[in-house]
Amino acid sequence: MEIWIYFTLLAATMQAVRTAGQKQLSGKLNSMATTGVRYFFALPFAWGYLWWLLDFREVAVPALNNDFLQYALIACVMQIWGTACLVAAFRYRNFAVATSLAKTEAIQVAIVGALLFGATLSGLGWFSVVVGVVGVFLVSKVKFNLRDLLADSQSLIGMGYGLAAGLGLAITTLLIRQSSLALNTDLMVSAAVTLVFMITVQSLISFIYVYLQDKSQFPVMFKHWRLCLFVGITSVLGSIGWFTAASYQNAAYVKALGQVEFFITLALTYRVFKETITLKEYLGMFLIVLSVVILLLWS
């Protein structure tokens, strides 16, 4: 298999595991502090990974040119914006619908990538993305009643935030790829440099925000340092996967394959919590797997 496939599977697995850790952490910290943990505790590992990779690949640190800085800084802001929209969606009725719409990130990556960056897909590639998104909706257990949603302004606003979250995260992924390619060096190294730059900037932004909002959150982080460290390590491993895969392959294909995260999450939930999987969820998992097979074998 091509190298981007391994890194995408690493990313999807670590993201599913990290999400489980963040769910536990969210009961102890506020939303911004919980978000900040994934940057604060990942930062030293990201720097360590870059230092090791530079030595292992025997590549010099690339110069951070203007194109890189432009793409990477906008990506930092878009990721924070996308996350903020997702959090905002929780405040409205039918938030399950809103958050499920955020999962349209894969198809939004394909559309925005084609419109703005010329990252076109084959016909089967588009089909694979759509099938995967449908599978994710089925696995998400969300029920859409269009008439009720359209009659409820609060639900419409929530849906808007959900779509905006997906768009923000989609643009982030596309800009990560552009940032990495702008460095014109070894792709694994450029992905690592992009990762370290973004995590450093986002750690600074998150630190300032949490300090000004509620600095009492910092002692709570250190009290639960083991869980925070778990989130940080799984986060940096997931980010290494996403950033490297997006450097090697069209971001739409990476996100399409990355939808196996929902399959992994459901499998973990079944194993850990012994929850029953419904026929609808089995159908969703089948469509996700079908999407991946189409993507890897024929697109």
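Here the structure is a predicted model, which means the values were calculated and not measured.

Draft legend 1. Layout of the overall build of the protein chain. Regarding its fold elements, the protein chain presents 15 helices and zero strands. Relative to all contacts within the protein chain whose residues are 6 or more apart in sequence, the contacts with residues 24 or more apart total 86%.

Draft legend 2. Structural view of the packing of aromatic side chains. Using the criterion set out here, one finds seven aromatic pairs in the structure. Members of the aromatic cluster, joined through ring pairs, are Phe40, Phe207, Tyr211 and Phe218. Seen from the ring of tryptophan 242, lysine 255 lies directly overhead, with NZ or CZ sitting 3.9 Å from the centre.

Draft legend 3. Spotlight on the nonpolar core. Among the nonpolar cores identified, the biggest contains 59 residues, and Trp4, Phe68, Met198, Phe243 and Leu257 are the most heavily contacted of them. Take this core: its biggest share by element is eleven residues, from helix α10 (residues 187-214). Setting aside anything within four residues of it in sequence, one finds phenylalanine 243 in contact with Ile176, Ala191, Thr194, Leu195 and Met198.

Draft legend 4. Structural context of the environment of threonine 200. Summarising the element assignment, threonine 200 is placed in helix α10. A sequence separation of 124 residues divides threonine 200 from cysteine 76, and the C-alpha atoms of the two residues are 9.9 Å apart. In this structure threonine 200 touches Leu43 and Trp47, once residues within four positions along its chain are discounted. In this structure the side chain of threonine 200 is engaged in a polar contact, spanning 2.6 Å, whose partner is the backbone oxygen of valine 196.

Draft legend 5. Representation of unusual backbone geometry. Here glutamate 58, not a glycine, exhibits a phi torsion of approximately 55°, which is positive. Tracing the sequence through the fold places glutamate 58 in the loop between α3 (43-57) and α4 (66-89). One non-glycine residue, asparagine 184, lies in the positive phi region at around 50°. The topology assignment puts asparagine 184 in the loop between α9 (153-182) and α10. For asparagine 184, a relative accessible area of 68% corresponds to the exposed category.

Draft legend 6. Spotlight on the side chain of arginine 18. Here arginine 18 lies in helix α1 (residues 3-25). Those residues in contact with arginine 18 that lie beyond four places of it in its chain are Arg38, Val231, Thr234 and Ser235.

Draft legend 7. Fine view of a nonpolar patch on the surface. On the surface, Leu204, Phe207, Ile208, Tyr211 and Leu212 cluster together into a nonpolar patch covering about 530 Å² of accessible area. Counting through the fold element by element, phenylalanine 207 comes out in helix α10. Among the residues examined, phenylalanine 207 registers a relative accessible area of 41% and is labelled partly exposed.

Draft legend 8. Fine view of the packing of helix α12 (residues 225-248) against helix α13 (residues 251-258). Where α12 meets α13, the axes come as close as 8 Å, and the angle between the chain directions of the two elements is 140°. When the axes of α12 and α13 are compared, the pair comes out oblique. Relative to α13, α12 is oriented so that their crossing is right-handed. Mapping the contact onto sequence places Trp242, Ala245 and Ala246 in α12 and Val254, Lys255 and Gly258 in α13. Class assignment of the residues belonging to the contact of α12 with α13 gives a composition of four nonpolar, one polar and one charged.

Draft legend 9. Layout of the confidence of the model for the protein chain. Across the protein chain, the average pLDDT comes to 82, with 82% of residues at or above 70. When mean pLDDT is compared element by element in the protein chain, α3 scores highest at 95, while helix α8 (residues 146-151) scores lowest at 53.

Draft legend 10. Main features of the packing of α10 against α12. Between α10 and α12, the shortest axis-to-axis distance is 9 Å and the interhelical angle comes to 130°. As far as their axial angle goes, α12 and α10 are oblique. In the crossing of α10 with α12, the sense of the turn from one axis to the other is right-handed. The residues of α12 that touch α10, namely those facing Leu187, Met188, Ala191, Thr194, Leu195 and Met198, are Val236, Ser239, Ile240, Phe243, Thr244, Ser247 and Tyr248. Class assignment of the residues belonging to the contact of α10 with α12 gives a composition of nine nonpolar, four polar and no charged.

Draft legend 11. Broad picture of α13. Across the eight residues of α13, eight count as buried, placing the element largely inside the fold. For α13, the complete set of buried residues consists of Ala251, Ala252, Tyr253, Val254, Lys255, Ala256, Leu257 and Gly258. Sitting at the head of α13, asparagine 250 places a side-chain oxygen 2.9 Å from the backbone nitrogen of alanine 252.

The rules behind each value
- Residues numbered from 1 in each chain as written.
- Predicted model: local features only at pLDDT ≥ 70, side-chain atom pairs only at ≥ 80, totals over all residues.
- Heavy atoms only, no water.
- Helix = DSSP H or I, 4+ residues; strand = E, 2+ residues; numbered from the N terminus.
- Contact = heavy atoms within 4.5 Å.
- Phe/Tyr/Trp six-rings, centres within 6.5 Å; stacked < 30°, edge-to-face > 60°.
- Lys NZ or Arg CZ within 6 Å of the ring centre and 35° of its normal.
- Core = buried A, V, L, I, M, F, W, Y, C linked by side-chain atoms within 4.5 Å.
- Buried < 20%, exposed > 50% of the residue type's maximum accessible area, 1.4 Å probe, protein only.
- Polar contact = N/O pair within 3.5 Å; in protein donor to acceptor, adjacent residues only side chain to side chain.
- Patch = residues over 30% accessible without salt bridge, like charges linked within 9 Å, V, L, I, M, F, W, Y side chains within 5 Å.
- Areas by Shrake-Rupley, 256 points an atom, 1.4 Å probe, with all protein chains shown as cover.
- Salt bridge = Lys/Arg side-chain N within 4 Å of Asp/Glu carboxyl O.
- Axes fitted to C-alpha atoms, helices over the stretch in contact; angles between N-to-C directions.
- Parallel < 35°, antiparallel > 145°, perpendicular 65-115°, else oblique.
- Left-handed = near helix turned anticlockwise from the far one by under 90°.
- Nonpolar A, V, L, I, M, F, W, Y, C, P; charged D, E, K, R; others polar.
- pLDDT = per-residue confidence, 0-100.

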